[in-house]
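For reference, the chains in residue letters:
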Amino acid sequence: MAVPRESDTQWVQGLDRIVDRYNLVGNLDACLTCGKCVGNCPVAAITPSYNPRQIIRDVLMGNLSRLVQSEEIWRCFWCANCYRVCPSDIHYPLLMMQIRYKAIEHNFGLKYVLPFKRFALKAREDAMTFVPGAKGKERVMKIRSEAGMTPWPEVSDKARSEYQALFDLTGTTEWLEALDESKEKPVEFKYREGRIIYE
Ligand code: SF4
Ligand code: SF4
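The name an unreviewed UniProt entry gives the protein chain is 4Fe-4S ferredoxin iron-sulfur binding domain protein, with Syntrophothermus lipocalidus as the organism.

Have a look at this one:
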């Protein structure tokens, strides 16, 4: 039986350069498709549909829609094991970070990033990356007081304004505020046991 061909009418030319807009993974086309990344990935070991080699192939071929719509691109947890073993020195975790930005631009995967929106905007406001809830705060204050410190870390006005300026100047504040839950599109399983799903 003839193997059906993938439809390529919608594929995007030069997608690797579009995704990797800051040229963080400029050697992507040196991928040997050896699969060492897959064999050493803890996520792929327990999730057969997750396949870094296939994802790289889709970036190189220009299959934007499968990439941005796929549930799988949200599975990587940046342990960098794939990068450690790659004979071509391909920094896959950095590629994955950029693929996710691309997905978010198309309103896919918002459910994975929206929980961080409130957290990050609060961090900007407080000039602290993490402020615990009331109970946790009470405990921190007790420990600090017992250690002879001020009960709560003081952040100077200068430090606060610099911290906020970094958020604003890098576009992070604008990016976070633009994340809109109502525009969310559902992600789907787009890969099956590391093989291409013919459509
Ligand atoms: S280990 Fe490196 S060269 Fe081999 S398939 Fe993965 S990314 Fe490509
Ligand atoms: S960084 Fe991601 S893809 Fe690479 S081994 Fe870790 S979980 Fe797997």
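From this point on, the discussion continues.
Trainee: It is not clear to me how the site of ligand 1 should be interpreted in this structure. Could you clarify?
Mentor: By nearness alone, every residue bordering ligand 1 is listed as Cys-31, Leu-32, Thr-33, Cys-34, Gly-35, Lys-36, Cys-37, Ile-56, Cys-86, Pro-87 and Ser-88. Classifying every residue of the shell around ligand 1 by side-chain character gives seven nonpolar, three polar and one charged.

Trainee: Where do I start with unusual backbone geometry in this structure?
Mentor: What you tend to see is this: most non-glycine residues have negative phi, and most peptide bonds are trans. Residues other than glycine seldom take positive phi values, yet Thr-33 does so here, at roughly 55°. Locating Thr-33 in the fold gives a position in the loop between helix H1 (15-19) and helix H2 (36-39). The phi dihedral of Asp-89 is positive, around 60°, even though this residue is not glycine. Inspection of the secondary structure puts Asp-89 in the loop between helix H6 (81-85) and helix H7 (92-105).

Trainee: Sorry, what's going on with the side chain of Arg-144 here?
Mentor: With respect to the helices, strands and loops of the structure, Arg-144 is situated in helix H9 (residues 134-146). Buried charge Arg-144 goes without a salt bridge, the closest partner of opposite sign being Glu-154 at 7.1 Å. Looking at Arg-144, its side chain comes within polar contact range of the main-chain oxygen of Thr-150, at 2.9 Å. Excluding residues that lie within four positions of it along the chain, Arg-144 makes contacts with Met-149, Thr-150, Pro-151, Trp-152 and Pro-153.

Cut-offs used in this document
Residues numbered from 1 in each chain as written. Chains lettered and ligands numbered in written order. Predicted model: local features only at pLDDT ≥ 70, side-chain atom pairs only at ≥ 80, totals over all residues. Heavy atoms only, no water. Near = heavy atom within 4 Å. Nonpolar A, V, L, I, M, F, W, Y, C, P; charged D, E, K, R; others polar. Helix = DSSP H or I, 4+ residues; strand = E, 2+ residues; numbered from the N terminus. Buried < 20%, exposed > 50% of the residue type's maximum accessible area, 1.4 Å probe, protein only. Lys, Arg positive; Asp, Glu negative; His and termini not counted. Salt bridge = Lys/Arg side-chain N within 4 Å of Asp/Glu carboxyl O. Polar contact = N/O pair within 3.5 Å; in protein donor to acceptor, adjacent residues only side chain to side chain. Contact = heavy atoms within 4.5 Å.

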